[in-house]
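Listed below, chain by chain, are the residues.
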Protein chains: 2
Amino acid sequence: MKQFHEYQNPSLAVDLVVFGYHDNTLSVLLLNRREEPFKDCWTLPGGFLQMNETFRDTCSRILKTKVGMDNVFLEQLYSFDDLQRDPRGRVIAVGYYALINPARFSIIAGSMANDVKWFNVRKMPALGFDHREIFQLALQRLKSKILYYPVGFELLDELFTITELHELYECILQTTIDRRNFRRKILDAEYIINTGTKREGLQNRHPELYRFNRKLKKNNFQININIS
Amino acid sequence: MKQFHEYQNPSLAVDLVVFGYHDNTLSVLLLNRREEPFKDCWTLPGGFLQMNETFRDTCSRILKTKVGMDNVFLEQLYSFDDLQRDPRGRVIAVGYYALINPARFSIIAGSMANDVKWFNVRKMPALGFDHREIFQLALQRLKSKILYYPVGFELLDELFTITELHELYECILQTTIDRRNFRRKILDAEYIINTGTKREGLQNRHPELYRFNRKLKKNNFQININIS
DNA sequence: TTTACTTTACGTTAAAATGACGCAAACGAA
DNA sequence: TTCGTTTGCGTCATTTTAACGTAAAGTAAA
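Just so you know, these numbers come straight off a predicted model, no measurement behind them. (Residues numbered from 1 in each chain as written. Chains lettered and ligands numbered in written order. Predicted model: local features only at pLDDT ≥ 70, side-chain atom pairs only at ≥ 80, totals over all residues. Heavy atoms only, no water.)

Contact with chain A, which involves 28 residues of that partner, is made by 28 residues of chain B. Together chain A and chain B conceal approximately 2800 Å² of surface at their shared face, both sides included; 59% is due to carbon and sulfur atoms. Counting the contacts that link chain A with chain B gives nine residue pairs in polar contact (both at pLDDT 80 or more). Mapped by element, the contributors of at least two residues to the side of chain A that touches chain B are strand E1 (11-22), helix H1 (55-67), strand E5 (73-80) and strand E6 (91-100) of chain A. Across the side of chain A that touches chain B, the residue classes tally to 12 nonpolar, 11 polar and five charged. (Contact = heavy atoms within 4.5 Å. Buried area = accessible area lost by both parts, 1.4 Å probe. Polar contact = N/O pair within 3.5 Å; in protein donor to acceptor, adjacent residues only side chain to side chain. Helix = DSSP H or I, 4+ residues; strand = E, 2+ residues; numbered from the N terminus. Nonpolar A, V, L, I, M, F, W, Y, C, P; charged D, E, K, R; others polar.)

What follows is the structure in structure tokens.
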């Protein structure tokens, strides 16, 4: 019988779908590859797993070195194992998605300016490898997740208005949601807490600022929104 | 720079949570290991990925050779990457779960009799590796899935009564569901089709036999059952 | 045959949730 | 002050849900 380490193993990579929300637009961070394969193509940021790393470690390393981010929300998506997915050989990719508030990071500066870019999720370019598939699964997961988990938590500022949260939901779900019913559901679910302060300097009535209820029981929250 | 194939890679394994439903009991198939590590411990059936296999291929191979099953429902669960999860070295495991109708297979015969066994999911023995974690995630996934996807499809016979389906739901969700409300929801959702035939030979009123509606639109179905 | 008992099939009803709106207060700008 | 817009709170008809009633269909015992 073969010894344990004599088996040949596929390479293991991590690919990241980094979502950011800004100016009423949901975007994904893409890298322009400088090497073959898929040279000059847009791809998801990714990298190979090292022997002493967990997937999350790899994600953190990629986020830090390639796009200058740290300490972000990460969740495993799915593992992709198509035999032909990488022309260099057998590579298994574990997909993760990240949710970040772009305001927190000053990426896309200096030498990286042409290589790292936000793309509106509705206007994606062609992607290398099977990254379109990974991206689409991530988007679908985000859409599902936002209905039963307070996802905005990761995408918005610490303080926000109900209108801002409402716009985030409409943007992600690609649907219109009645403003007043949305307010009622969100408040009834105790999803957010009124801080008592208001956002100043706006043209019209100053809206109240809220923060997420961190004490919310898991799965205590569900928004039923008809996605038609 | 290192060449592509010179990187050291973890081993890649697949671990399977095989669910079967019989006699109003949800069970999982476990193997008693004959080798170290975890010799004589119960573990999930599993095996190493080969270079020319997809995960599903590996699952099929394991199911066929270790427990004599083929052509079953399979879904990827999650990938487990703890550095210490296997005492032999770095092994990444991709968890899958399978749903089968035990009546379809004559496993647990002959030389395997002492090695392969069904365990009631509520009476699980200690498991080797991190298999308890994998099992628990699978059970949780099954519980969630049954609420929006016609899972019974895979676990019951071709023809079944509403009472049998009702019992399956109660068993998996570990809760009581009003018999009459359950019937109404399942029928309104067009989840099942009345075959016009009845199950004969029972003591009391003969119940009508149904089959799953294979033409059911995906996600057209949702049962709201309060899991308290 | 009749009675007793159980399961199945089909209703009923009050309460809760939802969707579709109305409207006045709060603000800056004209 | 007036105007236009956003925000916050409310109403109401309709739908959905949970809880429970009851008669028909069957077997077995009286």
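So, on to the confidence of the model for chain A. For chain A, per-residue confidence averages 89 on the pLDDT scale, and residues scoring 70 or more make up 89% of the total. Element-level pLDDT for chain A is lowest in helix H3 (residues 152-155) of chain A, with a mean of 90, against a maximum mean of 98 in E5 of chain A. (pLDDT = per-residue confidence, 0-100.)

With that settled, consider the domain arrangement of chain A. Where the parts come together, the accessible area they lose is often given as the size of the interface. Residue and element names in this part refer to chain A. Looking at the assigned domains, one finds that chain A contains domain 1 (4-145) and domain 2 (154-220). Of the roughly 1100 Å² buried at the junction of domain 1 and domain 2 (both faces included), carbon and sulfur atoms supply 61%. Applying the counting criterion to the domain 1 and domain 2 interface returns four residue pairs in polar contact (both at pLDDT 80 or more). Looking at the side of domain 1 that touches domain 2, the elements that each hand over two or more residues are E1, strand E2 (25-32), E6 and helix H2 (131-145). Take the side of domain 1 that touches domain 2: its biggest share by element is three residues, from E1. Partitioned by chemical class, the residues of the side of domain 1 that touches domain 2 number eight nonpolar, four polar and two charged. (Domains from an automatic or database assignment.)

Residue and element names in this part refer to chain B. A large share of strand E2 (residues 25-32) lies buried, amounting to seven of its eight residues. When strand E1 (residues 11-22) meets E2, the two strands line up antiparallel, connected through four bridges. Paired with Tyr21 across the bridge in E2 is Leu26. Counting the residues in the hairpin turn of E1 and E2 gives two residues, including Asp23, whose phi is positive at 50 degrees. Where E2 meets strand E7 (residues 116-120), five bridges bridge the pair, whose relative direction is antiparallel. Within E7, the residue paired with Val28 across the bridge is Phe119. Across two bridges, the pairing between E2 and strand E3 (residues 42-43) is antiparallel. Across the sheet, Leu31 pairs through a bridge with Thr43, a residue of E3. (Buried < 20%, exposed > 50% of the residue type's maximum accessible area, 1.4 Å probe, protein only. Pairing = 2+ DSSP bridges.)

Right, let's get into the relation of the copies chain A and chain B. For these two chains of identical sequence, chain A goes onto chain B by a turn of 180 degrees and a shift of 0.1 Å along the axis, with RMSD 0.1 Å. Within this description, the copies of the chain are treated as partners about a two-fold rotation axis. (Least-squares fit on C-alpha atoms with pLDDT ≥ 70 in both.)

Below, the discussion takes up the protein's contact with DNA strand C. Around DNA strand C lies a shell of 20 residues, among which Arg180 and Gln203 of chain A together with Arg180, Arg183 and Glu208 of chain B are the nearest. In DNA strand C, atoms within 4 Å of the protein come 57% from sugar and phosphate. At 2.9 Å, a side-chain N or O of Arg205 of chain A approaches a base nitrogen of DNA strand C. A distance of 2.8 Å separates a base oxygen of DNA strand C from a polar atom in the side chain of Arg205 of chain B. Where the surface near DNA strand C is concerned, the elements lending two or more residues are helix H5 (179-188) of chain A together with helix H5 (179-188) of chain B. Looking at the surface near DNA strand C, the element that brings in the most residues is H5 of chain A, giving four residues. Taken together, the residues of the surface near DNA strand C sort by class into two nonpolar, eight polar and 10 charged. (Near = heavy atom within 4 Å.)

Okay, the protein's contact with DNA strand D next. Contacts to DNA strand D come from 21 residues, most closely from Arg180, Arg183 and Glu208 of chain A together with Arg180 and Gln203 of chain B. A distance of 2.9 Å separates a base nitrogen of DNA strand D from a polar side-chain atom of Asn181 of chain B. Residue assignment for the surface near DNA strand D shows that the elements contributing at least two residues are H5 of chain A together with H5 of chain B. Class assignment of the residues belonging to the surface near DNA strand D gives a composition of two nonpolar, eight polar and 11 charged.

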